[in-house]
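One letter stands for each residue in the lines below.
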Amino acid sequence: MKTVRCRENIIPRIFYTTIVMCIVFFIGCAEVPITHRKGLRLVPKSELLSLSLRQYDQTLKKSKLSTDQEKVKMVRRVGERIARSAEAFLQESGKNQQIKDYKWEFNLIEDDKVVNAWAMPGGKVAVYTGILPYTKDETGLAVVMGHEVAHALADHGNERMSQALLANMGGMALSVALANKPQQTRELFLTAFGAGASVGLMLPYSRLHESEADRIGMVLMARAGYDPREAITFWERMNKKEGSRPPEFLSTHPAPASRQANLKTYIPEALPYYKKPLK
Ligand SMILES: [Zn+2]
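On a predicted model such as this, the values are computed, not experimentally measured, just so you know.

**Things to note about the coordination of the zinc ion**
Link 1 in the chain: His-147 (NE2), His-151 (NE2), Glu-210 (OE) and Glu-210 (OE) make up the full set of protein donors to the zinc ion, lying at 2.1 to 2.7 Å.
Link 2 in the chain: What the four donor atoms of the zinc ion show is an angle range of 50 to 122 degrees at the metal, which sorts the shape as irregular.
Link 3 in the chain: Sequence spacing among the residues donating to the zinc ion works out to H-x3-H-x58-E. Of this pair, His-151 sits in helix α6 (residues 138-153) while Glu-210 sits in helix α10 (residues 207-223), placing them 59 residues apart in sequence. Here His-151 and Glu-210 have matching classes, each one buried.

Right, here's the structure in full:
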């Protein structure tokens, strides 16, 4: 009897799940520029943007901003060039209306121990002084900035936030989650956008997102006039810093050898843009 009842229940459940999956697929999926992968986006952009603005302001207030004008100017100059490159791609892919969602801001936070950078929705970017010894020059910084702006352009944070809300809060809407569990929701947000981690540029993202940000980032930097081949030397310097690490399957970090191999395969796609950058 039990078996029969189970079977009776399973059919409508499968039907229901299929309907939900179809709705999620058609309403909640968006295409990533350049790689054309489809990703889950369940959080409304307006809610994500307002949370982002609040969190960005709070983070800046709690942090010590760099007063080294030369470095601050460099971060803004490279950031603006990468941002223009990202906007050109949005324009060409018929997504002009998305350009207004980005109010780009690039700040340098004074903390030599933090080897990190992140981008929140709406183009709110922070770079920590701790990463500058590894970026070395403007092109190295363009690798980091390209990578971070790529995460923002591909909406990886929304995808992470959607997955986290489904997994940890039973698919609760962001506004409801914020009202009911404000602290937990803010932590999910910071982790989803990389602002919660201080140990590495790529820690909070999956390997799929990391590879995608590497690939898109190289195209963005090339189009902004920076040599994308420098991405390989930047990641070599970062990998030397990291020292011993767990095997690849235990870690969300791509193993250095596979990351380097992947970066090399992205060069043919990025290089033509470097030879014909934006004016
Ligand atoms: Zn990353």
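**Observations concerning the layout of surface pockets**
Over the atoms rolls a probe the size of a water molecule, and in doing so it shows where empty space is left.
Link 1 in the chain: By volume, the second largest pocket amounts to about 180 Å³.
Link 2 in the chain: Elements with a minimum of two residues in the lining of the second largest pocket: α2 (45-62) and α9 (182-192).
Link 3 in the chain: Of the residues in the lining of the second largest pocket, the class split is two nonpolar, five polar and three charged.

**Quick word on the packing of α6 against α10**
Link 1 in the chain: Put simply, α6 and α10 touch, their axes get as near as 7 Å, and they point 120 degrees apart. When the axes of α6 and α10 are compared, the pair comes out oblique. Crossing angle aside, the handedness with which α6 passes α10 is right-handed. Side by side, α6 and α10 meet where Thr-139, Ala-142, Val-143, Gly-146, His-147, Val-149, Ala-150, His-151 and Leu-153 of the first sit next to His-209, Glu-210, Ala-213, Asp-214, Ile-216, Gly-217, Leu-220 and Met-221 of the second.
Link 2 in the chain: Class assignment for the residues of the contact of α6 with α10 results in nine nonpolar, six polar and two charged.

**Notes on the sheet that holds strand β3 (residues 105-109)**
Link 1 in the chain: The strand order β3-β5-β4 describes an open sheet built from three strands, whose pairing is mixed. Where the open sheet ends on each side, the last strands, each with one partner, are β3 and β4 (117-120). Each strand of the sheet is rotated relative to its neighbour by a mean of 15 degrees, with strand direction disregarded.
Link 2 in the chain: With respect to the sheet, α6 is in contact with β3, β4 and β5 (124-128), its orientation differing from that of β4 by roughly 30 degrees.

**A short note on α6**
Link 1 in the chain: Along its 16 residues, α6 runs 21 Å from first to last C-alpha, staying within 8% of the 22 Å computed at 1.5 Å per residue.
Link 2 in the chain: Of all the 16 residues making up α6, 15 are buried; the element is thus mostly covered by neighbouring parts of the structure.
Link 3 in the chain: The backbone nitrogen of Thr-139 lies 3.2 Å from a side-chain oxygen of the residue at the head of α6, namely Asp-137.
Link 4 in the chain: Where α6 ends, the next residue or the one after it, Asp-155, has phi of about 60 degrees, a positive value.

**Description of empty space enclosed by the protein**
Link 1 in the chain: Under the defined criterion, the tally for this structure stands at one cavity of 30 Å³ or more.
Link 2 in the chain: As for the largest cavity, its lining consists of Val-143, Gly-146, His-147, Ala-213, Asp-214, Gly-217, Met-218, Met-221, Ala-231 and Trp-235.
Link 3 in the chain: Breaking the lining of the largest cavity down by element, the ones donating at least two residues are α6, α10 and α11 (230-242).
Link 4 in the chain: Among the elements that take part in the lining of the largest cavity, α10 stands out by supplying five residues, more than any other.

**Overview of the confidence of the model for the protein chain**
Link 1 in the chain: Of all residues in the protein chain, 80% attain a pLDDT of 70 or more, and the chain-wide mean is 81.
Link 2 in the chain: Ranking the helices and strands of the protein chain by mean pLDDT puts β3 first, with 97, and helix α1 (residues 2-28) last, with 47.
Link 3 in the chain: The low-confidence segment residues 1-8, where pLDDT is below 50, has zero contacts with residues more than four positions distant or belonging to other chains.
Link 4 in the chain: Contacts from residues 246-251, a stretch scored under 50 in pLDDT, to residues over four places away or in other chains number eight contacts.

**Thoughts on the packing of aromatic side chains**
Link 1 in the chain: Within the structure shown, the criterion is met by five aromatic pairs.
Link 2 in the chain: Each ring, one from Tyr-56 and one from Trp-118, has its centre 6.0 Å from the other, and the planes form 90 degrees; the classification is edge-to-face. Linking Tyr-56 in helix α2 with Trp-118 in strand β4, this pair joins segments that are 62 residues apart in sequence. Of the two residues, Tyr-56 and Trp-118, both sit in the buried class.
Link 3 in the chain: A centroid spacing of 6.0 Å and a plane angle of 5 degrees characterise the contact between Trp-104 and Phe-106, whose relative ring orientation is stacked. Of the two residues, Trp-104 and Phe-106, both sit in the buried class.

**Structural notes on the pattern of salt bridges**
Link 1 in the chain: Across all of its chains, the model carries 13 salt bridges by this definition.
Link 2 in the chain: As a salt-bridge pair, Asp-68 and Lys-71 come within 3.6 Å of each other at their nearest N and O atoms.
Link 3 in the chain: Ionic pairing is found between Arg-259 and Glu-210, a salt bridge with its closest N-O pair at 3.1 Å. Within this pair, whereas Arg-259 is found in helix α12 (residues 256-275), its partner Glu-210 is found in helix α10, the two being separated by 49 residues in sequence. Each of the two residues, Arg-259 as well as Glu-210, counts as buried.
Link 4 in the chain: Connected through salt bridges with shared partners, the residues Lys-45, Lys-100 and Asp-101 form a single ionic network.

Here is what the cut-offs are and how they apply
Residues numbered from 1 in each chain as written. Predicted model: local features only at pLDDT ≥ 70, side-chain atom pairs only at ≥ 80, totals over all residues. Heavy atoms only, no water. Donors = N, O, S within 2.8 Å, 3.2 Å for Na, K, Ca; no water. Tetrahedral: all angles 85-135°; square planar, octahedral: opposite > 155°, others 65-115°. Helix = DSSP H or I, 4+ residues; strand = E, 2+ residues; numbered from the N terminus. Buried < 20%, exposed > 50% of the residue type's maximum accessible area, 1.4 Å probe, protein only. 1 Å grid on protein atoms, 1.4 Å probe; cavity = no way out; pocket = protein on both sides within 12 Å on 5 of 7 lines; lining within 4 Å. Points joined across faces, edges and corners; volume = space filled by probe spheres on them. Nonpolar A, V, L, I, M, F, W, Y, C, P; charged D, E, K, R; others polar. Axes fitted to C-alpha atoms, helices over the stretch in contact; angles between N-to-C directions. Parallel < 35°, antiparallel > 145°, perpendicular 65-115°, else oblique. Left-handed = near helix turned anticlockwise from the far one by under 90°. Contact = heavy atoms within 4.5 Å. Pairing = 2+ DSSP bridges. Expected span 1.5 Å × (residues − 1). Polar contact = N/O pair within 3.5 Å; in protein donor to acceptor, adjacent residues only side chain to side chain. pLDDT = per-residue confidence, 0-100. Phe/Tyr/Trp six-rings, centres within 6.5 Å; stacked < 30°, edge-to-face > 60°. Salt bridge = Lys/Arg side-chain N within 4 Å of Asp/Glu carboxyl O.

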